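Examination of the molecular architecture
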Amino acid sequence: MKRAAFLLAVSLAVVSCATMMGQQSQALVSRAVEAVGGADKLAAVKTLSVKGTVRQWEPEQSMVAGGEMRFACDSTFEAVVDVGSRAARIDWVRKFAYPAPRTFTFSEIVTPEAGYVAGIDSNGRTKQSLDAKPPAHAMSGLRLAASQRELLRNSSLLTLEMLKSPDRLSSAGDVTVGGVSYPAVDYRGAAQTFTVMFDRTTGLPARIRTLDYDSVWGDVTYDLVLSDWKAMDGLQVATTRKYELNGRMVQEVKITEGKVNAPIAAARLTIPDAFKAGASKPPTGPVPYQWVIRRQFIGTYLDSDVPSYDTRATPGLRFAELAPGVQHVVGGSHHGLIVEMRDHLIVFDAPVSDWHSNWVLGAARAKFPGKSVKYLVLTHHHMDHVGGVRAYVAQGATLVVGKGNGEYFRKVLAAPSTRNPDLAVRDLSRTEIIEVADKRVFTDGQREVHAYVIENPHAAGLLIGYIPAARLGFSTDIWSPGAPLPDKINPNLAALVAGVKKAGISPVKFAGGHGSVADYAPLAALAAK
Ligand SMILES: [Zn+2]
């Protein structure tokens, strides 16, 4: 009896504690709704129209690994949202500084069922975009999901939606960020949970966090930090919105104008039938949000349901044999190279994701039975060429990087990566890492594979590969073989030619981390002009 009474008391205490936490969460949300404008005013919102600017930076395309972020893009935008149909349109003018200066002017339409892009928004265009006249394409389900998530995170109506969905709310306790403690709630949206942290003084939402997976840094926080609240058409609007990736600001949005219930012509929110039919739905599986969002920062996002390749253009990744035992991994936006040695394999680059690497590892097992990858050579640290590093080192590969990159990758491999959708959790912190100071020769007694550090303007400590027996070089980003050569040599190409000369090698052909394969002689001739 005593024991039963005790258990009853404990369970009542647990229930009342949970109820209290629930009430606290509800109270935080109610207060926020009031602070933003009140439930009645928010419920009367039929449309929202917003103008603003965005600046973006990319930390993993830096010159030096772990160094200063690349400034990526300066944009202006006009966004409209129809609350009833949950459809949004964003008209963009995006001025990119990286990887090359250019301006893309385009529009996005995002509805619950489909997404659409009118105009050119990327250098990595899909077949559908290239075929359409004028250029347009349906968004991949991955991009649709990422766009929907960020529209909801930024919505003036988020707190009202939370108020109306108490079953999706739970207490997140107090969360401390940058020495400030915020009372917080978790809100389980359709696809992902937001941790909404509130300002203790004003009651307004201060930070809205998601727990994302980043192919370089593993488990990361992605926070929208709201500040500079101003009244716009009767609602309080955060006019400064900074996105922080693991505490580093990567995006700054300024809202310059906000209107409530301005009419929106229906046509502006309508996806043309030709693109709506067959458009991807938001996926049910994991979304690589950071890849989808940040490849757009630099205007290189390939808007496909498989991040590695355009599902409308190719059946998938494949090997292309360049010489006996030398396979170029092609079929996608990013390539690698496999070299067969007597009793093992050497792989150059681990692009995109561990999904991509898992494909390569599977195909390599079938092609070269009994030979595992002993060395993974990364030409440079940029996220799109290293995102699949974990799959290789998890299989026991030694990591080979250029001068100055060892410590960076030691940190990367020690970072927690429990949210990796493509790889089981394991400790990679003791991975052997070889840092190439100048030149490294791998040999099995018969075949040699070389790696050379070359001076270049793209990434510090960049390596090129060379297989003497095939007189084949491998370069990523500084030369993408196969594309027409420019009329005049540029700094990246000049760096490659100087590097080849300094190494004292005599390649006949080069294969690329992008592009295909091409003769080296025309490039050398261009540099000599
Ligand atoms: Zn690069």
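On a predicted model such as this, the values are computed, not experimentally measured, just so you know. As a convention, each chain's residues are numbered from 1 in the sequence order in which they are written. Since the coordinates come from a predicted model, pLDDT governs what is reported: local features require at least 70, and pairs of side-chain atoms require 80 or more to be given and counted, while whole-chain, interface and lining totals use all residues. Where side-chain values are given, they derive from all heavy atoms of the structure, hydrogens and water being excluded.

**A look at the side chain of S156**
- Here a strand is any run of E in DSSP of at least two residues, a helix any run of H or I of at least four, and the numbering for each starts at the N terminus. Mapped onto the secondary structure, S156 falls in the loop between α4 (141-154) and α5 (158-163).
- Two residues form a contact once any of their heavy atoms are found within 4.5 Å. Setting aside its immediate chain neighbours within four residues, S156 contacts V36, L42, L48 and L235.

**A short note on the packing of aromatic side chains**
- Ring pairs are drawn from Phe, Tyr and Trp, using the six-membered ring of Trp, whenever the two centres fall within 6.5 Å, and their geometry is named by plane angle: stacked under 30 degrees, edge-to-face over 60, tilted for the rest. Under the counting rule described, the total for this entry stands at 14 aromatic pairs.
- Aromatic side chains F348 and F474 sit 5.7 Å apart centroid to centroid with 50° between the ring planes, which places their arrangement in the tilted category. On the criterion of sequence distance, the pair formed by F348 in strand β17 (residues 345-348) and F474 in strand β24 (residues 472-475) is long-range, its members being 126 residues apart.
- A ring pair is formed by W479 and F510, whose centres lie 5.7 Å apart and whose planes are at 55°; its orientation type is tilted. Taken together, the positions of W479 in the loop between β24 and α12 (491-503) and F510 in strand β25 (residues 509-512) put the pair 31 residues apart, joining distant regions of the chain.
- Of the aromatic side chains, those joined through ring pairs into one cluster are F77, W92 and F106.
- Charge over a ring is defined by NZ of Lys or CZ of Arg lying within 6 Å of the ring centre and within 35 degrees of the ring normal. The ring of W92 has R94 lying over it, and the distance from NZ or CZ to the ring centre is 5.3 Å.
- Positioned over the ring face of F96 is R102, at 4.6 Å from the centre of the ring.

**Topic: the sheet that holds strand β26 (residues 517-519)**
- Here a strand pair is declared whenever DSSP counts at least two bridges between the two strands. With respect to topology, six strands assemble into an open sheet ordered β21-β22-β23-β24-β25-β26, the strand pairing being mixed. Strand pairing shows two members of the sheet lacking a second neighbour, β21 (439-443) and β26, which therefore form its edges. Strand-to-strand twist of the sheet, defined as the mean angle between neighbouring strand axes without regard to direction, takes the value 25°. Throughout, an axis means a line fitted to C-alpha atoms (over the contacting stretch in the case of helices), and angles, computed between N-to-C directions, take values from 0 to 180 degrees.

**A short note on unusual backbone geometry**
- At the junction of Y98 and P99, the peptide bond is cis and its omega measures out at -5° in the coordinates.
- Mapping P99 onto the fold places it in the loop between β3 (87-96) and β4 (102-110).
- Residues K133 and P134 are joined by a peptide bond in cis, for which omega reads -5°.
- Positive phi, normally seen in glycine, also occurs at R86, with a value near 55°.
- Inspection of the secondary structure assignment puts R86 in the loop between β2 (70-82) and β3.
- A positive phi is found at D228, a non-glycine position, where the angle reads about 50°.

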